[in-house]
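# Results of the structural survey
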Amino acid sequence: MAAYKRTLNKWKLGSIVYALTVVHSLLAFKPFNAKIQIGSDTRVFHNVWMITVSNLKYYGGGMKISPHSVYDDGEFELTVVHSISVLKFLAVFLTVFNGNHTNLKGVSTYSSDKFIVEMDRAVGCHTDGEYLGTTISQPVICEVDQQNWYVADKK
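Every chain is numbered independently, its residues counted from 1 as its sequence is written. Local features in a predicted model are, by the rule used here, given only for residues with pLDDT of at least 70; side-chain atom pairs are given and counted only at 80 or more, and totals for whole chains, interfaces and linings are based on all residues. Derived side-chain values reflect all non-hydrogen atoms in the structure, with water molecules and hydrogen atoms excluded from consideration.

Here we come to the state of the cysteines. Defined by distance alone, a disulfide is two cysteine sulfur atoms within 2.5 Å. Applying the stated criterion to the full structure yields zero disulfides. You can see C142 has no disulfide; the closest cysteine sulfur is in C125, sitting 7.8 Å from it. In this scheme, a residue with accessible area under 20% of its type's maximum is buried, one over 50% is exposed, and one in between is partly exposed, where area comes from a 1.4 Å probe on protein chains only. We classify C142 as buried; its relative accessible area is 18%.

Below is the structure:
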């Protein structure tokens, strides 16, 4: 993509490379299956495009990924985008900026203080925008630790 960016920059169209990167990534991505334990319930999701665990409404420069999150309620919000085509995924992505994606078929949301996520293959994992690597053969456990929730006092 670097060669494309240099060429597009000459024509002052360098930002198009980001759109091309998104399209390339979506076409190359292979959805996965996941089994997620939510409290005492276990759910299986097929054709998963993404899973997020959030305690804030927004991430990524204004994407309202988790519109029902409350940062100090002691629960995480889980969002699973699954069982949809790549074109529908693009539509879901466009609605994430106002939070309306949670109303669409193929987007499931849950609240809990603990999620245990198992994927059927290695999947890239990010936290707060930083790449952590890929998931391994063991489940990913997301659990609220009440002793480590801090809210800074305004001074």
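Time to look at the layout of surface pockets. Grid points spaced at 1 Å over the protein atoms alone were grouped into cavities, where a 1.4 Å probe fits but cannot get out, and pockets, open sets with protein on both sides within 12 Å along at least five of seven lines, with lining residues defined by an atom within 4 Å of a point. Grid points are joined across faces, edges and corners, and a volume is the space filled by probe spheres set on the points. Of the voids in this model, the largest pocket is the one considered here, and its volume is about 1600 Å³. Residue lining of the largest pocket: 40 residues in total, with M50, I51, T52, Y59 and H126 positioned closest to the centre. Secondary structure elements are defined from DSSP: runs of H or I of at least 4 residues count as helices, runs of E of at least 2 residues count as strands, and each element is numbered from the N terminus. Residue assignment for the lining of the largest pocket shows that the elements contributing at least two residues are α2 (16-28), β2 (41-54), β3 (76-82), α3 (86-95), β5 (114-119), β6 (124-127), β7 (130-134) and β8 (140-143). Among the elements that make up the lining of the largest pocket, the one with the highest residue count is β2 (six residues). Across the lining of the largest pocket, the residue classes tally to 27 nonpolar, 12 polar and one charged. Lys, Arg, Asp and Glu make up the charged group, whereas Ala, Val, Leu, Ile, Met, Phe, Trp, Tyr, Cys and Pro make up the nonpolar group; the residues left over, Gly among them, are polar.

Moving on to the confidence of the model for the protein. Overall, the predicted model of the protein reaches an average pLDDT of 85, with 85% of residues at or above 70. The spread of mean pLDDT over the elements of the protein runs between helix α1 (residues 2-10), the lowest at 69, and strand β1 (residues 32-38), the highest at 97. This model gives residues 151-155 a pLDDT under 50, and the stretch forms one contact once residues within four places in sequence are excluded. pLDDT is a per-residue confidence score from the predictor, ranging from 0 to 100. Contact criterion: two residues are considered in contact whenever any of their non-hydrogen atoms come within 4.5 Å of each other.

Quick look at the environment of H126 now. With respect to the element layout, H126 can be found in strand β6. The residues touching H126, leaving out its near neighbours within four places in the chain, are Y131 and L132.

Turning our attention to the pattern of salt bridges. Here a salt bridge means any side-chain nitrogen of Lys or Arg lying within 4 Å of a carboxyl oxygen belonging to Asp or Glu. All told, the structure shown has two salt bridges when counted by the stated rule. Between K35 and E118 there is a salt bridge whose closest N-O contact spans 3.8 Å. You can see K35 sitting in strand β1 and its partner E118 sitting in strand β5, a full 83 residues away along the chain. For K35, a relative accessible area of 39% gives the class partly exposed. Residue D41 pairs with R43 through a salt bridge whose shortest N-O separation is 2.9 Å. R43 gets classed as partly exposed once you look at its relative accessible area, which sits at 36%.

A pair of aromatic rings is counted whenever rings of Phe, Tyr or Trp (Trp by its six-membered ring) have centres within 6.5 Å, and the orientation is called stacked for planes under 30 degrees apart, edge-to-face for over 60 and tilted otherwise. Within the structure shown, the criterion is met by five aromatic pairs. On the numbers, 6.4 Å between centres and 80 degrees between planes, the contact of F29 with F32 is edge-to-face. Given the relative accessible area of 4%, F32 is considered buried. Taken together through their ring pairs, the aromatic side chains of F29, F32, W49 and F89 make up a single cluster. Consider the ring centre and the ring normal. A charge sits over the ring if Lys NZ or Arg CZ is within 6 Å of that centre and within 35 degrees of that normal. We note R121 situated over the ring of F29; from NZ or CZ to the ring centre the distance is 5.6 Å.

So, about the sheet that holds β1. A pair of strands is treated as paired once DSSP finds two or more bridges between them. The sheet built from six strands is open, its strands ordered β4-β3-β2-β1-β5-β8 with antiparallel pairing. If you trace the sheet from one side to the other, it starts and ends with β4 (107-112) and β8, each paired once. Each strand of the sheet is rotated relative to its neighbour by a mean of 45 degrees, with strand direction disregarded. One ladder, built from four bridges, connects β5 with β8; its direction is antiparallel. Within the sheet, the bridge partner assigned to V117 lies in β8 and is V140. Most of the contacts of α3 go to β2, to which it runs at about 55 degrees, and overall it touches β2, β3 and β4. A fitted line through C-alpha atoms represents every axis, and for helices the fit uses only the stretch in contact; the resulting angles, taken between N-to-C directions, go from 0 to 180 degrees.

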